[in-house]
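# Report on the structure
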Amino acid sequence: MWPLATQIMKISYNWLSELLKTDLTVDQASVMLTAGGLEVENVESFESVKGGLKGLFVGEVLTCAKHPNADKLSLTTVNVGGEAPLQIVCGAPNVAAGQKVIVAIVGTTVHPVTGEPFEIKKSKIRGELSEGMICAEDEIGLGVSHAGILVLPNDAQVGTKAADFLKIETDSVIEIGLTPNRADAASHLGVARDLSALINTVKSISTKHVVGDSKVVMPDVSSFKAGTEKAIEVVVEDTEACPRYTGITISNIKVDESPKWLKNRLLSIGVNPINNVVDITNFVLHEIGQPLHAFDADKIVGKKVIVRTAKAGEKFVTLDKIERTLQQGNLMICSAENPMCIAGVFGGIDSGITESTTSVFLESAYFDAASIRKTSKQHGLKTDASFRFERGTDPEITLYALQRAALLMQEICGGKIVSPVIDIYPNKKEEAIFSIKYSYIDQFSGEVIDRNVISTILLSLGIKIVSSDPEGLNLHVPSYKVDVLRPVDVIEEILRVYGYDRIPLPKKQSISLPAIVEFDREQIQNKVADYLAAQGFNEILTNSLTKSEYNSAPGWNEEHSVKILNPLSQELGVMRQDLLMTGLEILEYNRNRRQVDQKVFEFGKVYSKTETGYSESYALSLLACGKKQETSWQGPVSTIDFFFLKSVLVNVLTVCGIKSNDLTVKESENPAFSYGLTYFSGTKILLEIGAVKSSLLKKYDLNDVFSCCFNWDLVIRKAKKKAVQYQEVSKFPAVKRDLSMMVDVTTSFSKIEEIAFKSERKLLKEVSLFDLYQGEKIEAGKKSMAVSFILLDDQQTLTDKQIDKTMERLMVAFESEAGAVIRRG
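Every value quoted in this text rests on a predicted model; they were computed, and no experiment measured them. (Residues numbered from 1 in each chain as written. Predicted model: local features only at pLDDT ≥ 70, side-chain atom pairs only at ≥ 80, totals over all residues. Heavy atoms only, no water.)

At their nearest, the axes of helix α5 (residues 260–268) and helix α6 (residues 276–288) sit 10 Å apart, and the two run at 50° to each other. With respect to their mutual orientation, α5 and α6 come out oblique. Between α5 and α6 lies a crossing of left-handed hand. Residues W261, L262, R265 and L266 of α5 pack against D279, I280, N282 and F283 of α6. Among the residues making up the contact of α5 with α6, the classes are represented as five nonpolar, one polar and two charged. (Axes fitted to C-alpha atoms, helices over the stretch in contact; angles between N-to-C directions. Helix = DSSP H or I, 4+ residues; strand = E, 2+ residues; numbered from the N terminus. Parallel < 35°, antiparallel > 145°, perpendicular 65-115°, else oblique. Left-handed = near helix turned anticlockwise from the far one by under 90°. Contact = heavy atoms within 4.5 Å. Nonpolar A, V, L, I, M, F, W, Y, C, P; charged D, E, K, R; others polar.)

Okay, here's the thing in structure tokens:
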């Protein structure tokens, strides 16, 4: 089974700590979360000001005099709380004695708004010693002004760290690899809930009691009061795609920059602040996992919101200023006249929040996951909102999220809630109800878990225990647990929080190993892989899903393409029809990292659509380019060519017990090759080898790549028929004879080889081409081939008469069947 693909989600530990009070360090919390199924892939530091103002202190300018050797510089002494004042040369026009300032001492690295960070060093400026720097705001990343030094209030305490005085925030950001089944954890609230359960479980295991000390504290919305003015009318035409829709109007909004704390929260998780209204919707999304959308209420035509499906071919311009053609079934949020937003995916350019917005209609809705997923894929749009809606959100949190955001807009934007809450929820989603037996839990876990520990885990996760008895539990599963659909899912929740590492391995394990009495396919594959690795090839593994654009690639047929109905992206839109295209991607990737000499191989499946259904088969691909070996002092190194790869394929066949001489060879008709050969076993293609066309390589910025692809299933079938045979080395000497012949340029060496073995089956053991010439002094349309022949009789030593007779027979065959002209001595 393939592992679940993950999405990186960033969690601010400071933010998390506001929802869950804990003494755990970020490292301890990370270990617990990973053990509980939320794998922490990285922890990084965040500073609201780059560098965190480390090495900067509040100082007081004691004296300020004109620099004796420069008109525009001042010579100051500054007290930063050390043993003695520092002498600092300052070029700011506003520096004066008595000021409280920010000072970077020697050894400090400062991070300016523009330019590279630099270290403060003790130096002489125009002949006077300078032991630090009095800072302007742009020099330390606090702003863009360079009009003069930053002057602090008089009550600033000398020697205080600048970071403490200016309240610079530092944070630890946890990066979690979130799997698609954990939609409930796609927020700080969800992660806090899991961490709470993990903390309580540790205590419960040690005490054997039900523990609920660690609790998630939801932000208070009790002060929320709805207005009484006439609300914007909302009509939901498709209640299946939009089971719940809530909204409210907030007036007197002042769109402005967000306060520092809000910007820091968003920046810490990699979200860029936009304005206070949009930032609040993003804040609530990442805090509790509910996407929101804010419309400029004055731009809603007819003061009416209609939730409907799009008409086929309807046009809509999204926030990125791209006009998109809507498809039948796309769920849209519309005004009385036109679309305003692709529901749950992306907003429109004509209804968004701008600096002139004074009234906001705030939407908080629950959309059907399948509907949003389909729309998102159709338009190639991936947003934080669609990511959550596709996996399933909580219909019961929509109203709370609306109230939370509305209160923040009151506080931050000066807004006033003027309308009643609109809440359209015709078919309330009921909580899942399960009865689960303790014996069933024990069967899956492999041990008897303390019943109080089980209760602690369930209650901490928000799963209600309606009733219990010695046999088991009756449970209500909350709506945010979208992946808990069966009793076995409840057991999975229990075990991941309890900890799989706490379940002991049995003292005795029984395992049945099948006796392999038939042909071992894996053994042959491993032998071939070992051989290729010994020849300097590296094994690669590429994704079976690849780019839709490859349907038009040479050798591909769009009619035979296996297309993914709901692809994650166009980069993963089809199943591969060969291993060449994805292999070239690997060569390109490595070449971009200065790896130009490459030899790679891959065993993998290829896929196609047939008249009767679908087909998948195994293939072996070889790709090579660059030099054969690394450059050495021992002499020049030759480059990889067609014949190098051909020798490799012959040896691969030999490892599999297949003689290349037994195969039919023809010129390749593969459209991806500029030239090549195709080897047939009967009427079926066993393998193809060739030079990849330069027009194809150009797309990957590659040169001179040679490819060979085996029909590995057919290779295995032929290898099965070839029993291992052993033969004693002949006691008699072999004889080598050479022939030089003139043939037509169209005559291939394989033709000469075929004629030779057909003419002499007993004594001829090997035929090889050792010279080929075509050019001056050669008749047009002709070429000269020099071929060597190895003759051997296993029963006796060959005589000159036998050798001459055999060679004469071969020459006659070449002259009659290949039209060869042979110079006879």
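In this section: the sheet that holds strand β21 (residues 339–342). The sheet built from five strands is open, its strands ordered β14-β17-β20-β21-β22 with mixed pairing. One side of each edge strand has no neighbouring strand; the edge strands of this open sheet are β14 (233–236) and β22 (346–347). The pairing of β21 with β22 spans two bridges and is classified as antiparallel. Residue pairing for β22: I342 is matched across the bridge by F346. (Pairing = 2+ DSSP bridges.)

Looking now at a positive patch on the surface. Together, K684, R717, K720 and K721 make up a region of like positive charge exposed at the surface. Its relative accessible area of 49% is what places K684 among the partly exposed residues. (Patch = residues over 30% accessible without salt bridge, like charges linked within 9 Å, V, L, I, M, F, W, Y side chains within 5 Å. Areas by Shrake-Rupley, 256 points an atom, 1.4 Å probe, with all protein chains shown as cover. Salt bridge = Lys/Arg side-chain N within 4 Å of Asp/Glu carboxyl O. Lys, Arg positive; Asp, Glu negative; His and termini not counted. Charge placed at Lys NZ, Arg CZ, Asp CG, Glu CD. Buried < 20%, exposed > 50% of the residue type's maximum accessible area, 1.4 Å probe, protein only.)

For the rest of this paragraph, the subject is the side chain of H379. Checked against the element boundaries, H379 lands in helix α7 (residues 369–379). Separated by 2.8 Å, the side chains of H379 and N330 make a polar contact. Sequence-distant contacts of H379, defined by excluding residues within four places in its chain, comprise R324, T325, L326, Q327 and N330. (Polar contact = N/O pair within 3.5 Å; in protein donor to acceptor, adjacent residues only side chain to side chain.)

Inspection of the entire model under this criterion finds eleven aromatic pairs. Ring plane angle 85° and centroid distance 6.0 Å describe the contact between F601 and F603, whose orientation is recorded as edge-to-face. Judged on exposure class, the residue F601 and its partner F603 are both buried. A ring pair is formed by F603 and W712, whose centres lie 5.1 Å apart and whose planes are at 70°; its orientation type is edge-to-face. Remark: W712 occurs in helix α17 (residues 712–720) and F603 occurs in strand β32 (residues 598–609); sequence separation between them is 109 residues. Here F603 matches W712 in class, with each residue buried. An aromatic cluster is defined as three or more aromatic residues linked by ring pairs; in this entry it consists of W15, W261 and F283. (Phe/Tyr/Trp six-rings, centres within 6.5 Å; stacked < 30°, edge-to-face > 60°.)

L33, I176, V277, V284, L362 and M409 are the most contacted members of the largest nonpolar core, which totals 79 residues. With near-sequence residues (within four places) excluded, I176 lies in contact with Q7, I8, M9, I11, L33, L38, E39, V40 and V191. With 36 residues, the next largest nonpolar core counts I524, V648, L677 and L714 among its residues. (Core = buried A, V, L, I, M, F, W, Y, C linked by side-chain atoms within 4.5 Å.)

This part is about the sheet that holds strand β1 (residues 7–12). Across the sheet, three strands lie side by side as β1-β13-β2; this open sheet has antiparallel pairing. Strand pairing shows two members of the sheet lacking a second neighbour, β1 and β2 (39–47), which therefore form its edges. In this sheet, adjacent strand axes meet at a mean angle of 25° when their direction is disregarded. Of the strands in this sheet, β1 and β13 (170–178) touch helix α4 (residues 188–207), which is tilted by about 80° from β1.

Taking 1.5 Å per residue, 18 residues should reach 26 Å; helix α19 (residues 800–817) reaches 26 Å between its end C-alpha atoms and fits that length. Burial in α19 covers these residues: I803, T806, M807, L810, M811, A813 and F814. One face of α19 carries all of its buried residues, which in axial projection span an arc of 160°. Turned more than 90 degrees off the buried face of α19, the exposed positions are K801, D804, K805 and S816. Each element contacted by the buried residues of α19 is listed here: β38 (735–744), α18 (749–759), β40 (782–791) and β41 (821–822). (Expected span 1.5 Å × (residues − 1). Arc of directions from axis to C-beta.)

Take the packing of α18 against α19 next. Each pair of packed helices can be summarised by the angle the axes make with each other and by the distance between the axes. As a packed pair, α18 and α19 sit with axes 9 Å apart at the nearest point and diverge in direction by 130°. With respect to α19, the element α18 is oriented oblique. In this structure, the crossing between α18 and α19 has a hand that is right-handed. On the side of α18, the interface is formed by K751, I752, I755, A756, K758 and S759, while α19 contributes R809, L810, A813, F814 and E817. Broken down by class, the residue content of the contact of α18 with α19 amounts to six nonpolar, one polar and four charged.

Attention now goes to the state of the cysteines. Using the criterion set out here, one finds zero disulfides in the structure. No disulfide involves C341; its nearest neighbouring cysteine sulfur is the one of C334, lying 9.3 Å away. Between C656, a free cysteine, and C708, which holds the nearest cysteine sulfur, the sulfur-to-sulfur gap is 12 Å. Looking at C656, the relative accessible area reads 3%, which means it is buried. (Disulfide = S-S within 2.5 Å.)

What follows is about the side chain of T318. Here T318 shows up in the loop between β18 (315–317) and β19 (323–325). Dropping the residues within four chain positions of it, T318 is found in contact with R324, I342, F346, G347, G348 and I349.

Mapping S351 onto the fold places it in the loop between β22 and β23 (360–366). On the basis of relative accessible area, S351 is assigned to the buried category, the value being 3%. Separated by 54 residues in the primary sequence, S351 and A297 place their C-alpha atoms 8.1 Å from one another. In terms of polar contacts, S351 uses its side chain to reach the backbone carbonyl oxygen of M340, at 3.2 Å.

Phi angles above zero are rare outside glycine, and K167 is one such case at about 55°. Given a relative accessible area of 68%, K167 falls into the exposed group. For K208, which is not glycine, the phi torsion reads 65° and is therefore positive. For K208, the position within the fold is in the loop between α4 and β14.

These figures capture arrangement, not role.
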